Amino acid sequence: ARFVAHDSTWRPWGQLGYSVKTGMPAFDHVFNLPIFEHLSRNPEAAAVFDDAMSSISTREARATSEAYDFKGVETLMDVAGGHGLLLATVLRRHKTMRAVLFDLPHVAAGAAATFARAGITGRVRIESGDFFKELPSGADAIIMKHIVHDWDDDSATRILQACHRALGRRGKVLIVDPVVPHGNAPHYGKLLDLEMLVLTPRGRERTKAEFVKLLRGAGFRLSRVIATDSPLSIVEAVKA
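Residues numbered from 1 in each chain as written. Predicted model: local features only at pLDDT ≥ 70, side-chain atom pairs only at ≥ 80, totals over all residues. Heavy atoms only, no water.

## Re helix α12 (residues 208-217)
So, point 1. Buried within α12 we find Phe-211, Leu-214 and Leu-215. Along the long axis of α12, the arc covered by the buried residues comes to 95 degrees, so they all point the same way. Exposed residues lying more than 90 degrees from the buried face of α12 are Ala-209, Lys-213 and Arg-216.
So, point 2. For α12, the elements touching its buried residues are α10 (153-166), β5 (172-177), β6 (220-227) and β7 (233-239).
So, point 3. The positive-phi residue at the C-terminal boundary of α12 is Gly-219, with phi of around 90 degrees. (Buried < 20%, exposed > 50% of the residue type's maximum accessible area, 1.4 Å probe, protein only. Helix = DSSP H or I, 4+ residues; strand = E, 2+ residues; numbered from the N terminus. Arc of directions from axis to C-beta. Contact = heavy atoms within 4.5 Å.)

Right, here's the structure in full:
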């Protein structure tokens, strides 16, 4: 509720017509900055955003950890993992797994408290940097929840290429986002697609066919789509 009513959400949604007419983010139109740059400069707005993402993640993290068989994943890296709720949820179910949380410095700083509360501090390494450039190596799988959908195809491809470089030959990437179905029936992913249009740097939700094309451009092959007990699916891909 704080996030939806906050200026950083409410005011751009008030300019939905601008985004519909131009295809450009209303957020940039209102604040003269892209959303993630704005958040990096405004700690109060960033705190509201980060807390909202953790709140939303509560159900989604449980659904993701229950739906996917992490057998064989000794080290899992969550790229842009925020305050670490997803990793904490997965690691509580898989007692021998280790993990890496990677995010921007001002975001990753909030993860330590999450891991301390979960009693998994010794099993997680927190690193920060720019996911467009380089990611830490050594993980068996990379997971990204509500990350790829923040970006247009070119930017998302660059993130996935960084994942490709960081993973070994048998590494997997797990994209946790809605997969938009065909037809005009209501679907959470379609509402979220409008959210991406208004707020993000031309982000979007994608169909299965669009994920296939996106992954192929980064050197991956989509292996399967796994439904979860939430509006999200797990798009699993391996190196092509």
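## As for the packing of helix α7 (residues 85-93) against helix α9 (residues 111-118)
So, point 1. Following both chains from N to C, one finds α7 and α9 inclined at 20 degrees, their axes separated by 9 Å at the closest point. Compared by their axis directions, α7 and α9 come out roughly parallel. Crossing hand, α7 versus α9: right-handed. Residue-level inspection shows Leu-85, Leu-87, Ala-88 and Arg-92 of α7 in contact with α9, the latter providing Thr-114, Phe-115 and Ala-118. (Axes fitted to C-alpha atoms, helices over the stretch in contact; angles between N-to-C directions. Parallel < 35°, antiparallel > 145°, perpendicular 65-115°, else oblique. Left-handed = near helix turned anticlockwise from the far one by under 90°.)

## Comments concerning the pattern of salt bridges
So, point 1. On inspection of all chains with the given rule, the structure shows 8 salt bridges.
So, point 2. Two residues, Arg-41 and Glu-37, come together in a salt bridge whose shortest N-O distance is 2.6 Å. Residue Arg-41 and its partner Glu-37 are located together in helix α5 (residues 35-41), separated by 4 residues, close to a single helical turn.
So, point 3. Residue Arg-41 is classed as exposed on the basis of its relative accessible area of 54%.
So, point 4. Residues participating in the shared-partner salt-bridge network are Arg-62, Glu-66 and Asp-229. (Salt bridge = Lys/Arg side-chain N within 4 Å of Asp/Glu carboxyl O.)

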